[in-house]
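# Reading the structure
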Amino acid sequence: MDTTALRSAYEKFFDGAAAPDLGEAADGGWNADQVLAHVLSVDAATAAVALGVASGARPTFDNRICLDRWNLERIIAEHSGRASLISHVRDQAAVLCDIADQLCEQAAAVLVPSFLMSNDEVVLDQPVALADLVNGLAGNHVPVHTRQLADLRA
């Protein structure tokens, strides 16, 4: 797989995450740390699925744990501050990209049963090619959260 677009999306995301003036969401949504924790969780889950496929397993992808506020707060609490959290998200994104870079065409084409929610609505409940799952991060997921961080600027 080619992760050039995903790596580029992450760089924009990290630029936004490093802004010093990120406040609270006006609509009661996630703050910057929660966005970062969510992206970390999604990246780790996606990397786990990719490694599972590479090992010959047939994993599933379900993003509900990546949306759970308790889980997000647990991830945040494991870090000494935003800089530490950003560093961990950056490292996890690199791990995911490195794994995806090594996937052969056959592995990238494996259908992964996927369940995705957003804003308490099911947006996907069907098998998706692993490549589409990873590329969806570049085309949608990371840019959406980059905009979300931009909206938090005071």
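Details of the structure are given in the entry above.
Just so we're clear, the structure is a prediction, and the values are computed from it rather than from any experiment. (Residues numbered from 1 in each chain as written. Predicted model: local features only at pLDDT ≥ 70, side-chain atom pairs only at ≥ 80, totals over all residues. Heavy atoms only, no water.)

### Remarks on the pairing of strand β2 (residues 111–118)
Quick reminder of the rule: By this definition, two strands are paired if DSSP reports at least two bridges between them. Numbering of helices and strands runs from the N terminus; a helix is a DSSP stretch of H or I covering at least four residues, while a strand is a stretch of E covering at least two.
With two bridges joining them, strand β1 (residues 61–62) and β2 adopt parallel strand pairing. Each bridged residue has a counterpart across the sheet, and for F61 the counterpart in β2 is S114. As paired strands, β2 and strand β3 (residues 121–129) are joined by eight bridges and run antiparallel to one another. The residue bridging V112 from the neighbouring strand is V128, located in β3.

### Overview of the pattern of salt bridges
For the record, the criterion: When a carboxyl oxygen of Asp or Glu lies within 4 Å of a side-chain nitrogen of Lys or Arg, that pair is called a salt bridge. Burial classes follow relative accessibility: with a 1.4 Å probe on protein chains only, a residue under 20% of its type's maximum area counts as buried, one over 50% as exposed, and anything between as partly exposed.
The full count for this structure, using the stated rule, is seven salt bridges. Among the ionic pairs, R64 bridges to D62, the shortest N-O distance being 2.4 Å. In this structure R64 comes out as partly exposed when scored by relative accessible area, which is 43%. Look at the salt bridges and you will find they share partners, linking R7, D98 and D101 into a network.

### A word on the side chain of H79
Put simply, the rule reads: Contacts between residues were defined by any pair of non-hydrogen atoms, one from each residue, lying within 4.5 Å.
Checked against the element boundaries, H79 lands in the loop between α4 (69–77) and α5 (82–101). Classification of H79 as buried rests on a relative accessible area of 14%. With residues near it in sequence (within four places) discarded, H79 still touches S84, L85 and H88.

On their own, these measurements won't tell you what the molecule is for.
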